[in-house]
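Survey of secondary and tertiary structure
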Amino acid sequence: MPNHIHCIVWISADEPVRTHADVGAHGRIGAHSRALQPSLQRAPRSLASFVAGFKSIVTKRINQRRGTPGVPVWQRNYYEHIVRDAAALDRIRRYIAENPLSWHLDRENPHRTGEDDV
C-alpha cells in the first residue's frame, strides 16, 4: 500500500536476536563505551525496539533520498497481533497479499473510487 506497511515478524527462541543497538532503535554509545540513556525506554530485543529501529532506519533513508532531513515519516504507533496457529497465519498472509487491491477504496487515497468498509 502506498500509505502503510504490513509485515509478519517471526520471533524464534532458537535464533539469536539482535539488540536495539544492533538495529539502531535508540541506543547510542558514549565516549567511554557506555550506552547513553535513550529518551524512551524500550526493552532490548522486544518488538517495540525492533519496530523503533526499523522506523528509524527507513526514515533516515527516505529523508536522504528526498533531501528532507528530520521530516517525520511514520504514524506515532503501530498495531500488533500475535499469530497463534497456522490457520491465522494463512488468513493474515492472504490479507497482506490482497490488501493493495483495496487501495482504490482507501480514505487517504486522493483518487479513491469508493468507500472502505472499515
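Structure shown above.
Residue numbers run consecutively from 1 along every chain, following the written order of its sequence. Reporting of local features is limited, given that this is a predicted model, to residues whose pLDDT is at least 70; pairs of side-chain atoms are given and counted only at 80 or more, and all residues count toward the totals for whole chains, interfaces and linings. Excluding hydrogens and water, the side-chain figures rest on all heavy atoms present in the structure.

1. Considerations on a nonpolar patch on the surface
Going by this rule: Think of a patch as exposed residues, more than 30% relative accessible area, with no salt bridge, where like charges cluster within 9 Å and nonpolar side chains (Val, Leu, Ile, Met, Phe, Trp, Tyr) cluster within 5 Å. Computed with a 1.4 Å probe, the accessible areas rest on the Shrake-Rupley method; for each residue, only the protein chains presented here act as cover. Any Lys or Arg side-chain nitrogen found within 4 Å of a carboxyl oxygen on Asp or Glu counts as a salt bridge. Counting from the N terminus, the helices are DSSP H or I runs at least four residues long and the strands are E runs at least two residues long. For the exposure calls, accessible area comes from a 1.4 Å probe over protein chains only, and a residue counts as buried if that area is under 20% of its type's maximum, exposed if over 50%, partly exposed in between.
A surface patch of nonpolar side chains, amounting to about 450 Å² of accessible area, comprises Ile-5, Val-9, Ile-11, Phe-50 and Phe-54. Secondary-structure assignment places Phe-54 in helix H2 (residues 47-66). For Phe-54, a relative accessible area of 34% corresponds to the partly exposed category.

2. Topic: the layout of surface pockets
Note the following rule: Grid points spaced at 1 Å over the protein atoms alone were grouped into cavities, where a 1.4 Å probe fits but cannot get out, and pockets, open sets with protein on both sides within 12 Å along at least five of seven lines, with lining residues defined by an atom within 4 Å of a point. Grid points are joined across faces, edges and corners, and a volume is the space filled by probe spheres set on the points. When residues are sorted by character, Ala, Val, Leu, Ile, Met, Phe, Trp, Tyr, Cys and Pro go into the nonpolar class, Asp, Glu, Lys and Arg into the charged class, and all the rest, Gly among them, into the polar class.
What the largest pocket holds in volume is close to 1,800 Å³. Lining the largest pocket are 41 residues, with His-4, Ile-5, His-6, Cys-7 and Tyr-79 positioned closest to its centre. Listed by contribution, the elements that provide at least two residues to the lining of the largest pocket are H2 and helix H3 (86-98). The element contributing the most residues to the lining of the largest pocket is H2, with eight residues. Taken together, the residues of the lining of the largest pocket sort by class into 25 nonpolar, eight polar and eight charged.

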